[in-house]
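Coordinate inspection notes
This is what each chain is made of:
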Amino acid sequence: MSTAANSSSDPKRPEKIHRYKLPTASASGGPTDDPIPDYMNVLSMFCSMFGLMMKLKWCAWVALYCSSISFANSRVNDDTKQILSSFMLSISAVVMSYLQNPQPMTLPGFS
């Protein structure tokens, strides 16, 4: 086959090919500036410490839920040590709250 016959049967259109460029974070908060994992990480640490200190089981469960959201929405280049420590702190808050009081959890206002 010749190159002329090969190029006419080629379905690719070179003028339509665009190389992928990573999106850059803009000053107005573009698509790469997602604060949700960071907020959930801070909320998880706060709730797990509050659950440990005040022996509130529901607060420890909220911390575990928030750390799971933070872990699921984290990016590859995020600090994995901080996310993992938040996750382990929330697990220890749940375990410690049930070791101190093995009774089933009652939600606030439903006692």
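Here the structure is a predicted model, which means the values were calculated and not measured.

Thresholds, definitions, all that
Residues numbered from 1 in each chain as written. Predicted model: local features only at pLDDT ≥ 70, side-chain atom pairs only at ≥ 80, totals over all residues. Heavy atoms only, no water. Helix = DSSP H or I, 4+ residues; strand = E, 2+ residues; numbered from the N terminus. Buried < 20%, exposed > 50% of the residue type's maximum accessible area, 1.4 Å probe, protein only. Polar contact = N/O pair within 3.5 Å; in protein donor to acceptor, adjacent residues only side chain to side chain. Contact = heavy atoms within 4.5 Å. Expected span 1.5 Å × (residues − 1). UniProt positions renumbered as here; feature names shortened; annotations may be inferred.

As for its placement among the helices and strands, Ser67 is situated in helix α3 (residues 57–72). Residue classification places Ser67 among the buried residues on the basis of a relative accessible area of 2%. At 2.9 Å, the side chain of Ser67 forms a polar contact with the backbone oxygen of Leu64. Ignoring anything within four residues of it in the chain, the contact list for Ser67 reads Ser44, Ser86, Phe87 and Ser90.

Another aspect to go through is α3. If you check α3, its first and last C-alpha atoms are 23 Å apart, about what 16 residues at 1.5 Å a residue would give, namely 22 Å. Looking only at α3, the buried set comprises Lys57, Cys59, Ala60, Ala63, Leu64, Cys66, Ser67 and Ser70. On its buried side, α3 packs onto α2 (36–54) and α4 (80–100).

For the rest of this paragraph, the subject is the UniProt feature "transmembrane region" (unreviewed entry) in the protein chain. According to UniProt, the "transmembrane region" (unreviewed entry) feature falls on residues 58–76 and 82–99. Helix makes up 79% of residues 58–76 and strand makes up 0%, while its end C-alpha atoms are separated by 30 Å.

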